[in-house]
Amino acid sequence: MTTILLLTAHLLLAQAAAPIDAEDADKLTQLMRASAQGDVTRVEALLAKGADPNARSSAQNLTALMFAAYHGHAGVVKALLGKGARLDLKDDLGAAAVD
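Okay, so let's go over this structure. (Residues numbered from 1 in each chain as written. Predicted model: local features only at pLDDT ≥ 70, side-chain atom pairs only at ≥ 80, totals over all residues. Heavy atoms only, no water.)

A few points about the overall build of the protein
Along its length, the protein carries five helices and zero strands. The helix and strand sequence of the protein, counted from the amino end, reads α-α-α-α-α. Counting only contacts in the protein whose residues sit at least 6 apart along the sequence, the fraction spanning at least 24 positions is 58%. In the structure as shown, the protein presents an accessible area of about 6200 Å², 59% of it carried by carbon and sulfur atoms. (Helix = DSSP H or I, 4+ residues; strand = E, 2+ residues; numbered from the N terminus. Contact = heavy atoms within 4.5 Å. Areas by Shrake-Rupley, 256 points an atom, 1.4 Å probe, with all protein chains shown as cover.)

As structure tokens, then:
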């Protein structure tokens, strides 16, 4: 039990210390992951903390808006657009969030 608590605390500290737009092992930012999951509350919190709505993944140049649109999360799309997410950005295949 102690090992699990220590590991959890270590992970939480590492997450807190990472820059808000840092990519994880899957090449996603926290905002991209929350957008793909449709977590409007987390998306709004990350944006309020300064997450870049136009940050692009180093793999395929994807954005949080692309993830939200692809998964049909209208509330997240609205939150991202309200904070300046750009509709015109394209991924490595030339697709935009509106495609």
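Read on for the rest.
Notes on helix α5 (residues 74-82)
In an α-helix, one turn spans 3.6 residues; hence positions three or four apart end up facing the same way. Turning to α5, its buried residues are V76, V77, A79 and L80. Across the axial projection of α5, the buried residues extend over an arc of 165°, all falling on one side. Opposite the packed face of α5, turned more than 90 degrees from it, sit the exposed residues A74, K78 and G82. (Buried < 20%, exposed > 50% of the residue type's maximum accessible area, 1.4 Å probe, protein only. Arc of directions from axis to C-beta.)

Things to note about unusual backbone geometry
Even without being a glycine, K27 presents a positive backbone phi close to 70°. Summarising the element assignment, K27 is placed in the loop between α1 (2-17) and α2 (30-37). Residue classification places K27 among the partly exposed residues on the basis of a relative accessible area of 39%. A positive phi is found at Q60, a non-glycine position, where the angle reads about 80°. Structurally, Q60 can be placed in the loop between α3 (40-48) and α4 (64-70). With relative accessibility at 48%, the residue Q60 sits in the partly exposed group.

Overview of the environment of A45
In this fold, A45 is placed in helix α3. Taking relative accessible area as the criterion, A45 reaches 34% and is therefore assigned partly exposed. Along the backbone, A45 and L31 are 14 residues apart, and their C-alpha atoms lie at a distance of 9.4 Å.

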